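Fold and geometry: a report
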Amino acid sequence: MSEPLNVGIIGYGFMGRAHSNAYLKVNRFFDLSYRPVMKAACGRDEDNVSAFAEKWGWESVETDWRELVGRDDIDVVDICVPNKLHRDIAVAAADEGKVVLCEKPLAMSAEEGREMVEAVERADVPNMVWYNYRRVPAIALAKRLVDEGRLGRVFHCRARYLQDWTISPDVPQGGHTLWRLDKNEAGSGVTGDLLAHSIDTAMWLNGPINRVCATTETFVKERERQDEPGEVDTVDIDDACAFLAWFDNGSMATFESTRYARGRKNMNTFEINGEKGAIFFDLEEPNYLQYYNHGDDDHARGWRKILVTDEEHPYMDHWWVPGCAIGYEHTFIHALADFLGGLETGETVHPTIEDALETQFVCDAVLESAADETWQDVPLANNPETA
């Protein structure tokens, strides 16, 4: 019999729905000692959060996150709100002894992220940041191939994350749905929203990044405010960002992200080139991993496209028969299953808040580099002398 774990979720937008789906389904597909109980949902608009709670099966609602964090019947606080609130909620939740789950990016800055790390370490509470792309089976398979040494010495890593939804100057900024375009709510634009994913994945696969040189651009300089029609404000977030990077292992990298790539809705790709082989992944074909093995016989050498649906592949033994694809929502189920499994065994499940701080330091260095037009060293999050 599984042990109940009472969850309180703060936020009911895109990520609130993705996480709710994971809580509903995880125990139906994974045998776990803990069972999430959807105890309370929190949002500022009582009507909207009540409708969300009724639709997804949350038992109660709150309109003040402080009330939810302080409830004795809440074991886990799941943070799905704009980045501006991540630090305050996470620190308060840790101080109350709650398990802390937080959406990415970690915070508005590495300085805020450091406070979050200190809070969870001080309280000694389990924690995780939802960098869900680590749980795409094909990306998890890529990690396995890297760890098995199939690429050998790595020379290059290149990543792109492209969208096109903000090209029109008529798209407003701020408000309930477009806070990602408001620097006061998001902290940055594509760097924190999209490239944070790319950076986390790259460092998971290839190790720490130590230097960056970046450039950014804001193509639409002013936008109307969504919640104040007729009021126009300067746009301060980065619409596009490109940067060069060096890894600790001596490999070099290029990263690019934009919301102005017409025709690209959510194109998230990476390629890693090594001495013995290479890998390539594209989120628009999420069930495939491309792999090149230089050790193959000359006449058979070439890129192979692996359909990642067999039970030998990461996570796939929990789903359907070989050849049946799974999707985006399953990555959150996998992340949650791993985390609940870690609670059972006592093992730390990554990425933790401290891991996410490493990514935040890279994001901050990228933005500083773009502003100063210089190379920037990336501090080590776990080294107080450099952080």
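Reading the values: rules and limits
- Residues numbered from 1 in each chain as written.
- Predicted model: local features only at pLDDT ≥ 70, side-chain atom pairs only at ≥ 80, totals over all residues.
- Heavy atoms only, no water.
- Pairing = 2+ DSSP bridges.
- Helix = DSSP H or I, 4+ residues; strand = E, 2+ residues; numbered from the N terminus.
- Contact = heavy atoms within 4.5 Å.
- Axes fitted to C-alpha atoms, helices over the stretch in contact; angles between N-to-C directions.
- Bend = angle between axes of the 7 residues up to and from the residue.
- Buried < 20%, exposed > 50% of the residue type's maximum accessible area, 1.4 Å probe, protein only.
- Polar contact = N/O pair within 3.5 Å; in protein donor to acceptor, adjacent residues only side chain to side chain.
- Salt bridge = Lys/Arg side-chain N within 4 Å of Asp/Glu carboxyl O.

As summarised here, the arrangement of the nine strands in space is 16-15-14-13-7-12-11-8-17, forming an open sheet in which the pairing is mixed. In this open sheet, the two edge strands, each paired with only one partner strand, are strand 16 (304–307) and strand 17 (376–377). Contacting strand 7 (154–162), strand 8 (209–217), strand 11 (240–247), strand 12 (252–258) and strand 13 (267–274), helix 8 (residues 190–206) runs over the sheet at an angle of about 155° to strand 12. Against the sheet, helix 10 (residues 353–372) makes contact with strand 8, strand 11 and strand 17, and its axis sits at roughly 50° relative to strand 8, the strand it touches most.

Remark: the principal bend of helix 8, roughly 40°, maps to Ala196. Where burial is concerned, most of helix 8 is hidden: 16 out of the 17 residues are buried. Where helix 8 terminates, the next one or two residues include Gly207, which has phi positive at roughly 95°.

Moving on, we get to the pairing of strand 9 (residues 222–225). Note that strand 9 and strand 10 (residues 228–234) share four bridges and pair antiparallel. Counted as the bridge partner of Glu222 is Thr234 from strand 10.

Along the chain, Arg259 turns up in the loop between strand 12 and strand 13. When its relative accessible area of 0% is taken as the criterion, Arg259 is described as buried. One polar contact links Arg259 to Asp193, side chain to side chain, over a distance of 2.8 Å.

This part takes up the pattern of salt bridges. By the definition in use, this model includes 29 salt bridges. Its salt-bridge partner being Glu271, residue Arg158 comes within 3.2 Å of it at the nearest N-O pair. Note that Arg158 is positioned in strand 7 and Glu271 in strand 13, a separation of 113 residues in sequence. Beyond isolated ion pairs, a larger network of salt bridges with shared partners links Asp182, Arg225, Asp227, Glu228 and Asp233.

Next up on the list: the sheet that holds strand 1 (residues 3–10). Strand order in this open sheet of six strands is 3-2-1-4-5-6, and the pairing throughout is parallel. A strand with exactly one partner marks an edge of an open sheet, and here the two such strands are strand 3 (60–62) and strand 6 (127–129). Each adjacent strand pair in this sheet contributes to an overall mean axis angle of 25°, direction not counted. Relative to strand 4 (residues 76–79), strand 1 runs parallel, the two being bridged by four bridges. Bridge pairing in strand 4 links Val7 to Val76. Packed on one face of the sheet, helix 1 (residues 14–29) meets strand 1, strand 2 (34–42), strand 4 and strand 5 (99–102) and runs near 150° to strand 2.

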